[in-house]
Amino acid sequence: MLRNKLYQDLRTEIDGMDIISTHEHNIIPQEVPTLGYIFRNSYIRGCGVKPGDTSEERAEFLDTVQVNSYYRWLLVALQDLYDFDGEITPGNWDEISRRIASAHKKPDWYFEIMQKHGNIKRAILDAYWHPGHDNNHPEFYSSTFRINAFIMSYAPSATDHNGNSGLEVLAKHGMEVNSFEDYLDGLKKLLHLKKNQGCVAVKSALAYDRSLDFEPVSRDAAAAVFTKQGQNVDPLEAKLFGDYVFYFIAKEAGKLALPLQCHVGLGKIQGSNPMHLIPVIENCPETKFVLMHGGYPWYHEIAGLLHNYHNVYADLVWLPLISPTAAVNALHEWIEVALSQTKISWGGDAWTPEEVYGGVLSIRHVLARVLAEKIDEGYMSKEIALRLAGRILKDNAIGLYGLKES
């Protein structure tokens, strides 16, 4: 990390700033967390190796993940929270795990990590296991309503990648569906209901289900697919149905002033390029499209969309954990091309408070580094840079999602 005085001065200021996280998957633990629990419920699990219980298994796990960015930021968070130096090893594993379990026996430790250490005042929760839920903590969480199930439910048995059925969600809310018109009417009513219940956005994680090339489709064509009730529906027909419903939801979100958070990049990486969204962005000018994760690896494309479309917003969520190098490059570019300094925000995108805090540490570093470089090259003053940092960490989210200041 940079150690020059300007970076350190900025970092000190940024470390004290309040944060609103625009995207989390936080799960209140039903068991006392341990080091293994934290690793299993982090992005490190994507590295394809489990922490295990024996010294040999733990050594293999650590050897595999030790230089991965997800691991490095989580390690820094754990060092700070549980007061140890150096690397995690099979030799100190159990002691670190004991400290974690002991701390979590305090009823307020979960939120203390995020609120005291992370300075997070509010977070937007994407509870994909219970869409629109706030973890029974409305004082801290606002909710976003995930829409994947409705795009994927071309048949009664069809579900999204989390096993959610759009028809079942509608039925749980007392909405009977006997036709495609019923389906759309129920979906419209449900979006209004979720808005009235406090949801501040809708969320598409469809990059994990399908390609993002949503084409304009007639209502009759979508209705014809729905009428088949899953009988002899080919992949093209299923896509046509989903395309229509995505446009329908995007337009309704615009009418309800609900930003549409879109996972772009990674997921099923083929087909997740944010440029695929241009037709729907252009066809729904009243809808605010929040393009998440920097579209990694396509953060240059996000910059182009930021430059050309007033209804496009960029979120650094997850990107500093994926690659701080990419996040630095993306933020440099976005600052230069965004039509307004209100367009960029950040979220942690984690399951445990420890990984949330790792995300906080990563964005603090990225912000301090980028802004130090911008000041050093004469692009902006320190005063402007600090104001921009405050916007990215909190103020832009308040404006975009209509949140009350905490």
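The structure we're discussing is the one just above.
Residues numbered from 1 in each chain as written. Predicted model: local features only at pLDDT ≥ 70, side-chain atom pairs only at ≥ 80, totals over all residues. Heavy atoms only, no water.

A short note on a negative patch on the surface
Piece 1. Taken together, the side chains of Asp53, Glu56, Glu57, Glu60 and Asp63 define an acidic patch exposed on the protein surface.
Piece 2. Structurally, Glu60 is set in helix H3 (residues 55–65). (Patch = residues over 30% accessible without salt bridge, like charges linked within 9 Å, V, L, I, M, F, W, Y side chains within 5 Å. Areas by Shrake-Rupley, 256 points an atom, 1.4 Å probe, with all protein chains shown as cover. Salt bridge = Lys/Arg side-chain N within 4 Å of Asp/Glu carboxyl O. Lys, Arg positive; Asp, Glu negative; His and termini not counted. Charge placed at Lys NZ, Arg CZ, Asp CG, Glu CD. Helix = DSSP H or I, 4+ residues; strand = E, 2+ residues; numbered from the N terminus.)

A look at the packing of aromatic side chains
Piece 1. Using the criterion set out here, one finds 23 aromatic pairs in the structure.
Piece 2. Ring centres of Phe39 and Phe61 lie 5.0 Å apart, and the angle between their planes is 50°; on these two criteria the pair is classed as tilted. On the criterion of sequence distance, the pair formed by Phe39 in helix H2 (residues 35–40) and Phe61 in helix H3 is long-range, its members being 22 residues apart.
Piece 3. Residue classification places Phe39 among the buried positions, given a relative accessible area of 2%.
Piece 4. On the basis of relative accessible area, Phe61 is assigned to the buried category, the value being 1%.
Piece 5. These aromatic residues form a ring-pair network of at least three members: Phe180, Tyr183, Phe226, Phe241 and Tyr244.
Piece 6. The ring of Tyr379 has Lys374 sitting right over it, with the charged end atom 4.9 Å from the ring centre. (Phe/Tyr/Trp six-rings, centres within 6.5 Å; stacked < 30°, edge-to-face > 60°. Buried < 20%, exposed > 50% of the residue type's maximum accessible area, 1.4 Å probe, protein only. Lys NZ or Arg CZ within 6 Å of the ring centre and 35° of its normal.)

Some words on the packing of helix H6 (residues 109–117) against helix H16 (residues 353–376)
Piece 1. For the pair H6 and H16, the least separation of the axes is 9 Å and the interaxial angle reads 10°. Of the possible angle classes, the one that applies to H6 and H16 is roughly parallel. Counted together, Trp109, Tyr110, Ile113, Met114 and His117 of H6 and Pro353, Glu354, Val356, Tyr357 and Arg364 of H16 form the full contact between these two elements. (Axes fitted to C-alpha atoms, helices over the stretch in contact; angles between N-to-C directions. Parallel < 35°, antiparallel > 145°, perpendicular 65-115°, else oblique. Contact = heavy atoms within 4.5 Å.)

Let's talk about the nonpolar core
Piece 1. If you look at the biggest cluster of nonpolar residues, it comprises 147 residues, and the most contacted ones within it are Ile88, Phe150, Tyr183, Trp334 and Leu371.
Piece 2. At twelve residues, the largest contribution of residues to this core is made by H16. (Core = buried A, V, L, I, M, F, W, Y, C linked by side-chain atoms within 4.5 Å.)

Topic: the sheet that holds strand S8 (residues 344–345)
Sheet strands pair via backbone hydrogen bonds, and the direction of the pair is either parallel or antiparallel.
Piece 1. One open sheet accounts for eight strands, arranged S1-S2-S3-S4-S5-S6-S7-S8; its pairing is parallel. What marks the edges here is a single partner per strand, and that holds for strand S1 (19–24) and S8.
Piece 2. One ladder, built from three bridges, connects strand S2 (residues 120–125) with strand S3 (residues 141–146); its direction is parallel. The residue bridging Ala123 from the neighbouring strand is Tyr141, located in S3. (Pairing = 2+ DSSP bridges.)

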